[in-house]
Amino acid sequence: RRPGTAALRPAVRGRTEVADAGAHHPHARDAALARLEAALFLADEPLAARKLAEVVGLADAAEARSHVARLQELLDADASAFHVAEVAGGYQLMT
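What you are looking at is a predicted structure, and each value in this text was computed from that prediction instead of being measured.

Parameters at a glance
Residue indices begin from 1 for each chain and proceed along its sequence in written order. Under the rules for a predicted model, residues below a pLDDT of 70 receive no local features and side-chain atom pairs below 80 are neither given nor counted, while totals for whole chains, interfaces and linings still include all residues. To get the side-chain values, all heavy atoms of the structure are used, and hydrogens and water are removed first. We call Phe, Tyr and Trp rings a pair once their centres come within 6.5 Å, taking the six-membered ring for Trp, and we label the pair stacked below 30 degrees between planes, edge-to-face above 60, and tilted otherwise. Helical segments are the DSSP runs of H or I of at least four residues, strand segments are the runs of E of at least two, and each set is numbered from the N terminus. Interaxial angles span 0 to 180 degrees and are taken between N-to-C directions of axes, which are lines fitted to C-alpha atoms, for helices over the stretch in contact. Throughout this description, any angle smaller than 35 degrees is read as roughly parallel, any larger than 145 degrees as roughly antiparallel, any in the 65 to 115 degree range as roughly perpendicular, and the remainder as oblique. By the definition used in this description, the sense in which the near helix is turned from the far one sets the handedness, with an anticlockwise turn below a right angle giving left-handed and a clockwise turn giving right-handed. We call two residues in contact when some of their heavy atoms are within 4.5 Å. Under the grouping applied here, Gly and all other residues not named as nonpolar or charged are polar, the nonpolar ones being Ala, Val, Leu, Ile, Met, Phe, Trp, Tyr, Cys and Pro and the charged ones Asp, Glu, Lys and Arg. Within this analysis, patches are made of residues with over 30% relative accessible area and no salt bridge. Like charges are joined at 9 Å or less; nonpolar side chains (Val, Leu, Ile, Met, Phe, Trp, Tyr) at 5 Å or less. Reported accessibility uses the Shrake-Rupley method at a 1.4 Å probe radius. Residues are deemed covered only where the shown protein chains occlude them. Between Lys or Arg on one side and Asp or Glu on the other, a salt bridge is scored when a side-chain nitrogen of the former is within 4 Å of a carboxyl oxygen of the latter. Categorising residues by exposure relies on relative accessible area from a 1.4 Å probe, with only protein chains included: less than 20% of the type maximum marks a residue as buried, more than 50% marks it as exposed, and the intermediate range marks it as partly exposed. Throughout this description, the term nonpolar core refers to a set of buried Ala, Val, Leu, Ile, Met, Phe, Trp, Tyr and Cys residues connected via side-chain atoms within 4.5 Å. Between any two strands, at least two bridges found by DSSP are needed for them to pair.

A. The arrangement of the packing of aromatic side chains in detail. Applying the stated rule across the entire model yields one aromatic pair. A ring pair is formed by Phe41 and Phe82, whose centres lie 6.2 Å apart and whose planes are at 75°; its orientation type is edge-to-face. With Phe41 in helix H2 (residues 31-42) and Phe82 in the loop between helix H4 (61-77) and strand S1 (83-87), this residue pair connects regions lying 41 residues apart in the sequence.

Below is the structure:
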C-alpha cells in the first residue's frame, strides 16, 4: 500500500448513492464519477489509473482513464478552479 492512500478505500469504496437533486442536470455526476472525483480530492499524491479503478470499483484502468476524461470535461464546462493533471504516471486533482 502506498503512503497517503490508506484512507481512500473506506472513504469512497462501496458508496452508490447519488444526490437526487439535479440528477438530470447535464453536469451531474453518476455514482462512479462522483467516487472518482472524491478519490482524487482525498488523495495527497497522484493515483495511477489502475489504482483509481480499484478504489472506485471500475472494470480496469481504461475505464478509469475514460472517467478522468469525462470529469475533466465537466470541470471545464463548470469553469471550475479544479483540473485533473497527469503527474508522475498518475492523476491528481489540482487548482
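We are not done yet, so read on.
B. Seen up close, the packing of H2 against helix H3 (residues 49-56). Here H2 crosses H3 at 120°, and the two axes come no closer than 10 Å. It follows from the interaxial angle that H2 and H3 lie oblique. Where H2 crosses over H3, the handedness of that crossing is right-handed. Residue-level inspection shows Ala32, Arg35, Leu36, Ala39 and Leu40 of H2 in contact with H3, the latter providing Leu52, Val55 and Val56. Taken together, the residues that form the contact of H2 with H3 break down as seven nonpolar, no polar and one charged.

C. Seen up close, a nonpolar patch on the surface. Among the surface-exposed residues, Phe41, Leu42 and Phe82 lie close enough to one another that they form a single nonpolar patch of about 300 Å² accessible area. For Phe82, a relative accessible area of 32% corresponds to the partly exposed category.

D. Examining the environment of Gln72 more closely. Inspection of the secondary structure puts Gln72 in helix H4. Considering only alpha carbons, one finds Gln72 and Glu37, 35 residues apart in sequence, at a separation of 9.8 Å. Those residues in contact with Gln72 that lie beyond four places of it in its chain are His83 and Val84.

E. The arrangement of the side chain of Gln92 in detail. Mapped onto the secondary structure, Gln92 falls in strand S2 (residues 90-94). Residues within four places of Gln92 in sequence aside, it is in contact with Leu40, Asp44, Glu45, Pro46, His83, Val84, Ala85 and Val87.

F. Expanded view of the nonpolar core. Residues Leu36, Leu40, Leu52, Leu58, Leu71, Val84 and Tyr91 are the most contacted members of the largest nonpolar core, which totals 21 residues. Looking at this core, the elements with two or more residues in it are H2, H3, H4 and S2. Setting aside anything within four residues of it in sequence, one finds Leu52 in contact with Leu36, Ala39, Leu40, Leu47, Gly57, Ala64, Val68 and Tyr91.

G. Representation of the pairing of S1 within the structure. Bridge analysis of S1 against S2 gives five bridges, and the strand direction is antiparallel. Bridge assignment links Val87 to a residue of S2, and that residue is Gly90. Between S1 and S2, which follow one another and run antiparallel, lie two residues, and Ala88 among them has a positive phi close to 50°.

H. Layout of unusual backbone geometry. One non-glycine residue, Ala79, lies in the positive phi region at around 55°. Position of Ala79 among the secondary structure elements: in the loop between H4 and S1. With phi around 50°, Ala88 is a residue other than glycine that occupies positive phi space. Considering the arrangement of structural elements, one finds Ala88 in the loop between S1 and S2.

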